[in-house]
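Residue-level structural notes
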Protein chains: 2
Amino acid sequence: MLNINDQRLLNDLDELARIGSTGDGGVSRPALSPADVEGRAWFKRQIEAAGLEFHQDGTGNLSGVLRCADPQAKTLILGSHLDSVPNGGRFDGALGVLSALEVVRTLKEAGTELPFHVEALSFTDEEGSVLGLMGSQAMAGLLTADDLARPRGGLDALEAGMARIDVDENSILNAQRDPQTLAGYIEVHIEQGTRLEEAGIDIGVVTAMVGIRSFNVQFLGEAAHAGTMPMLKRRDALWGGSDYILRAKRHVMDDYTPGVVNFGQINAKPGAFNIVPAQVDLALEFRHGTDEEMDAMQRDLLAMAATVAQEHGLSVRTSPLDTLQPAPMDATMMAAIETAADALGLSHTRLLSFAGHDAQIMSRITPSVLYFVPSVKGISHNPAEYTAPEDCINGANVMLHAVLALASG
Amino acid sequence: MLNINDQRLLNDLDELARIGSTGDGGVSRPALSPADVEGRAWFKRQIEAAGLEFHQDGTGNLSGVLRCADPQAKTLILGSHLDSVPNGGRFDGALGVLSALEVVRTLKEAGTELPFHVEALSFTDEEGSVLGLMGSQAMAGLLTADDLARPRGGLDALEAGMARIDVDENSILNAQRDPQTLAGYIEVHIEQGTRLEEAGIDIGVVTAMVGIRSFNVQFLGEAAHAGTMPMLKRRDALWGGSDYILRAKRHVMDDYTPGVVNFGQINAKPGAFNIVPAQVDLALEFRHGTDEEMDAMQRDLLAMAATVAQEHGLSVRTSPLDTLQPAPMDATMMAAIETAADALGLSHTRLLSFAGHDAQIMSRITPSVLYFVPSVKGISHNPAEYTAPEDCINGANVMLHAVLALASG
């Protein structure tokens, strides 16, 4: 049975972790920083050393390609990102890129005949030091000149960064890849949570990246003197707001787990010790895996706000803010991951991803799948982030056998 | 049976309401403003026309004195204030001063022999345009040079105002009255609430001006990603804060009515839509009529904060802010009001005052009582403030007969 070279993968992880090392096990390689540029150069050397075709596209995505016999064949992309958050961990993103590289090397060494080209790819700026999901968005044709004019990291940082990796605004806006040329996308990532660790399961197959919707929920009562107004007569907006928070929490936990709800901001007006609050503004955000579940949660939560307002003698206004649609993973690709795990004798489960990854962008242009390996204690974006060597190896072997399953399937 | 002159009282209320009239039934006579100065001059003319001794003390309190036969006798003060909030009502304060004047005039005309001097008095700046409870605090010897250096209305307003009524810092700081010379203090005021109106009761005898204590209550949990952290594992400080608000409300309503509790401010940190709140700060304020009740409420509410924190996996910090002690009214003076109401066939009840009045200051130097007459719909500090003529007359007659009861008692 074909397997990756365990030691080579672990050596790569160690070598890469020295670039931008924080000295305590973590790495600081924000996208387009000097440390990231050094990491990119290191990755290029590994690709060339493995005898793969090296490519840098217009948005700075780097890849090593293994060509199959048919020049007209489509390309299966295996990828993730080499950049990190400042003071981040050594596995987030890096594990996916190095697993992809190791899988392609193994396939090349084995001389396996494949019906598609295979490309081990690192996306530019997944973490958002400059723009966020920049490489995958450019590849999917989702970036606009407007996006580039207002990067979250500031225009100066973007321009200095583009110069460092030899791309420019024009090349980024033209980095789109034709979906007809793609066979699919596979990404392995550390879970950044504790579900796998707690369940003692090796592989978590993501069914979807969750959708996110946010609302402002405003309860309106009546300001009153906090002494002279008897409590029975008060129309205290904060009583309604508090009740709503607790009931929404209970309802989502009871009826929508693993979906989640959060109230991250609250404000009471007029906002004095001795005045009964007339107005409370709540920041409501909820997440789930499918449009149907998101619609149902929204219906329930908005109806509940009206019920709570009525019970407390208040009125309520809800206004929608942002919407991010769920990104479902491809059923065939998910099955390939599960087939591979079964072949390797690894346990697996299906779960949602509550954080964003390049796979959510890639799923818009090609059949995609994301899967997780365990993170110790779920710690991530932190130098203490850790995934055991065995789990790293498992992740890469699953990728290898998923490629083989897709090739034979 | 001796009675006040109804029409004279009502005429005085009408005449005074023309000074600083807002044109829609209300008055604007902020303390030491030109309108207030005009009102003060009008009051002086009424005192002199009634053949009473006119006095202005060092803090600008104005009074008309009816002397009894014994020059060594103590003085019973009947009073309230002529100043109003900007755009206030015509009864708040004015009713107490004009009732006092009418009672003293009636006693003088009847030639009633009394064991004490009786003084109808208007305190300077009860409402706090410049300093707040200025006249009664100066009389009680509670004002300091520091207070006068930092008046809430600003130093310029205080200095301009002092010049208008011919007082200065030195005279204010020496306006203290020797408690040994006082026989007591009686004040009638509109309720500024709806308890009497709703119960259909004529007179509300205040047992105490409530104490007020305030605390900051801080719940501490753990910030977390609002997507990836499962709800069961969250230590959401806002869940604790919300639960505490609702439980404190219920407990105070169940066990401490008519005591009240309010949460007038709330803040969640770090304060982002997608971050589970790590910290919630609540502004807690509660009020009740006695030190014992205040101590018990404090004990219960702080213990409840600890319980709620524990149940939600949080910690809690409580820090005391301000304390205002309850000002109990004098039992003998309260009984005199009730005796008078009974003699007049008026219904009465005992209640707490949840707002401040000059009586709370006077109670620190002499046996004092405050009583209420109904306010229509409880509206106050508003031109729509209204108390029916009959209730105004009842209030003054109760004062007259309370004086007689004390004289004979």
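1. With respect to the interface of chain B and chain A
Across the boundary between the two partners, chain B contributes 49 residues, which contact 49 residues of chain A. If you look at where chain B meets chain A, you find two salt bridges. Of the charged contacts, one joins Glu198(A) and Lys233(B) as a salt bridge, the two residues approaching to 2.4 Å between their closest N and O atoms. Here chain B is connected to chain A by 10 residue pairs in polar contact (both at pLDDT 80 or more). When contributions to the side of chain B that touches chain A are tallied by element, the ones reaching two or more residues are strand S7 (211–220), helix H9 (237–255), strand S9 (260–269), strand S10 (275–276) and strand S11 (279–288) of chain B.

2. Some remarks on helix H2 (residues 34–49) of chain B
Residues and elements named next belong to chain B. The end-to-end C-alpha distance of H2, which contains 16 residues, comes to 23 Å, matching closely the 22 Å that a straight helix rising 1.5 Å per residue would cover. Among all positions of H2, only Ala 35, Asp 36, Gly 39, Arg 40, Trp 42, Phe 43, Gln 46 and Ile 47 are buried. Viewed end-on, H2 has its buried residues packed into an arc of 160°, placing them on one side of the element. Seen from the buried face of H2, the exposed residues on the opposite side, beyond 90 degrees, are Pro 34 and Ala 49.

3. A word on the pattern of salt bridges
Residue and element names in this part refer to chain A. Under the defined criterion, the tally for this structure stands at 32 salt bridges over all chains. Note that Glu 102 is salt-bridged to Arg 105, the shortest N-O span being 2.7 Å. Here Glu 102 and its partner Arg 105 are both found in helix H3 (residues 94–110), three residues apart, which amounts to about one turn of the helix. Here the two residues Glu 102 and Arg 105 agree in accessibility, since each one is buried.

4. Thoughts on the side chain of Arg213(A)
Residues and elements named next belong to chain A. Mapped onto the secondary structure, Arg 213 falls in strand S7 (residues 211–220). Overall, the relative accessible area of 11% leaves Arg 213 in the buried class. When residues no more than four places from it in sequence are discounted, the contact partners of Arg 213 are Leu 284, Glu 285, Phe 286, Asp 291, Met 294, Asp 295, Gln 298, Asp 322 and Thr 323.

5. Overview of the relation of the copies chain B and chain A
The transform that puts chain B on chain A rotates by 180° and translates by 0.2 Å along the axis, for an RMSD of 0.2 Å. Between the two chains, the operation in question is that of a two-fold axis. Nearest to the rotation axis, the C-alpha of Ser242(B) is located 2.2 Å from it, this being the minimum over chain B. The residues that chain B uses at the interface reappear at the interface of chain A in 100% of cases, marking a shared surface.

6. Considerations on empty space enclosed by the protein
Summed over the entire model, instances satisfying the criterion amount to five cavities of 30 Å³ or more. Considered as a void within the structure, the largest cavity measures approximately 80 Å³ in volume. Class assignment of the residues belonging to the lining of the largest cavity gives a composition of four nonpolar, six polar and two charged. A volume near 70 Å³ is recorded for the second largest cavity. Every residue along the wall of the second largest cavity is listed here: Glu191(A), Gln192(A), Gly193(A), Arg195(A), Ser353(A), Phe354(A), Ala355(A), His357(A), Phe372(A) and Thr228(B).

Cut-offs and rules
Residues numbered from 1 in each chain as written. Chains lettered and ligands numbered in written order. Predicted model: local features only at pLDDT ≥ 70, side-chain atom pairs only at ≥ 80, totals over all residues. Heavy atoms only, no water. Contact = heavy atoms within 4.5 Å. Salt bridge = Lys/Arg side-chain N within 4 Å of Asp/Glu carboxyl O. Polar contact = N/O pair within 3.5 Å; in protein donor to acceptor, adjacent residues only side chain to side chain. Helix = DSSP H or I, 4+ residues; strand = E, 2+ residues; numbered from the N terminus. Expected span 1.5 Å × (residues − 1). Buried < 20%, exposed > 50% of the residue type's maximum accessible area, 1.4 Å probe, protein only. Arc of directions from axis to C-beta. Least-squares fit on C-alpha atoms with pLDDT ≥ 70 in both. 1 Å grid on protein atoms, 1.4 Å probe; cavity = no way out; pocket = protein on both sides within 12 Å on 5 of 7 lines; lining within 4 Å. Points joined across faces, edges and corners; volume = space filled by probe spheres on them. Nonpolar A, V, L, I, M, F, W, Y, C, P; charged D, E, K, R; others polar.

From the geometry alone we can't say anything about function, so treat these as descriptive.
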